[in-house]
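# Tertiary structure, described
The residues making up each chain are set out below.
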Amino acid sequence: QVRLAESGGGLVQAGGSLRLSCAASGITFSRYAMGWFRQAPGKEREFLVAVKWSGAITNYSDSVKGRFIISRNNTKNTVYLQMNSLKPEDTAVYYCAAPPSLREPRMAKDDYRYWGQGTQVTVSS
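Residues numbered from 1 in each chain as written. Predicted model: local features only at pLDDT ≥ 70, side-chain atom pairs only at ≥ 80, totals over all residues. Heavy atoms only, no water.

## Some remarks on the sheet that holds strand 1 (residues 3–7)
Reading across the sheet, the four strands line up as 1-3-7-6 and stay open at both edges, with antiparallel pairing between neighbours. Two strands in the sheet have a free side with no partner beyond their single neighbour: strand 1 and strand 6 (68–73). The sheet shows a mean angle of 15° between the axes of neighbouring strands, direction not considered. The pairing of strand 3 (residues 18–25) with strand 7 (residues 78–83) spans six bridges and is classified as antiparallel. The residue of strand 7 that forms the bridge with R19 is Q82. (Pairing = 2+ DSSP bridges. Helix = DSSP H or I, 4+ residues; strand = E, 2+ residues; numbered from the N terminus. Axes fitted to C-alpha atoms, helices over the stretch in contact; angles between N-to-C directions.)

Below is the structure:
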């Protein structure tokens, strides 16, 4: 059974940092691209960035470019999202997701087969 479990969310002041983790189980992690999305109340789920199984990174969303960094550790079956210079508009539920094995990561959420339960990030002003 495939499971993606996010952690690391919480409440932080504007300008602060958080690191999200997403631990995967039930898949051969090194064969999967991994993506991060977020969804704010009343808004569509937004693609942020993805990393291929090789470690190559897709383009970041303009909304997080220069502030967020994705990385992965295939020995720990974990993908990370380092979030710096957080802003109140970053407040959302953050999700990790995986497309089918060895599929190129894309921005469309419908391309992703597996999803975590999400972790709440709240940035206060």
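## Some details on the side chain of S21
Following the sequence through the fold, S21 ends up in strand 3. Those residues within four positions of S21 in sequence are excluded, and the remaining contacts are A5, E6, S7, W36, T78, V79 and Y80. (Contact = heavy atoms within 4.5 Å.)

## Considering unusual backbone geometry
A positive phi angle is found at N77, which is not glycine, with a value near 55°. Here N77 is to be found in the loop between strand 6 and strand 7. On the basis of relative accessible area, N77 is assigned to the partly exposed category, the value being 25%. Phi at L102 is positive, roughly 60°, even though this residue is not glycine. Here L102 shows up in the loop between strand 8 (92–98) and strand 9 (114–115). (Buried < 20%, exposed > 50% of the residue type's maximum accessible area, 1.4 Å probe, protein only.)

## Overview of the state of the cysteines
Inspection of every chain in the model, using the stated rule, returns one disulfide. Disulfide partner of C22: C96, at an S-S distance of 2.0 Å. A torsion of 55° about the S-S bond marks the disulfide between C22 and C96 as right-handed. Taken as a pair, C22 in strand 3 and C96 in strand 8 lie far apart in primary sequence, 74 residues in all. Here C22 and C96 have matching classes, each one buried. (Disulfide = S-S within 2.5 Å.)

## Some remarks on the packing of aromatic side chains
One pass over the full model with this rule turns up six aromatic pairs. Ring centres 4.9 Å apart and planes at 55° place the aromatic pair F37 and W115 in the tilted group. Residue F37 is located in strand 4 (residues 34–39), and its partner W115 is located in strand 9; the two are separated by 78 residues in the primary sequence. Given the relative accessible area of 0%, F37 is considered buried. Here the aromatic rings of Y95 and W115 are separated by 6.3 Å at their centres, their planes lie at 80°, and the arrangement is edge-to-face. In this pair, Y95 sits in strand 8 while W115 sits in strand 9, placing the two residues 20 residues apart along the sequence. Counting every residue linked through ring pairs, the aromatic cluster contains F37, F47, Y95, Y112 and W115. (Phe/Tyr/Trp six-rings, centres within 6.5 Å; stacked < 30°, edge-to-face > 60°.)

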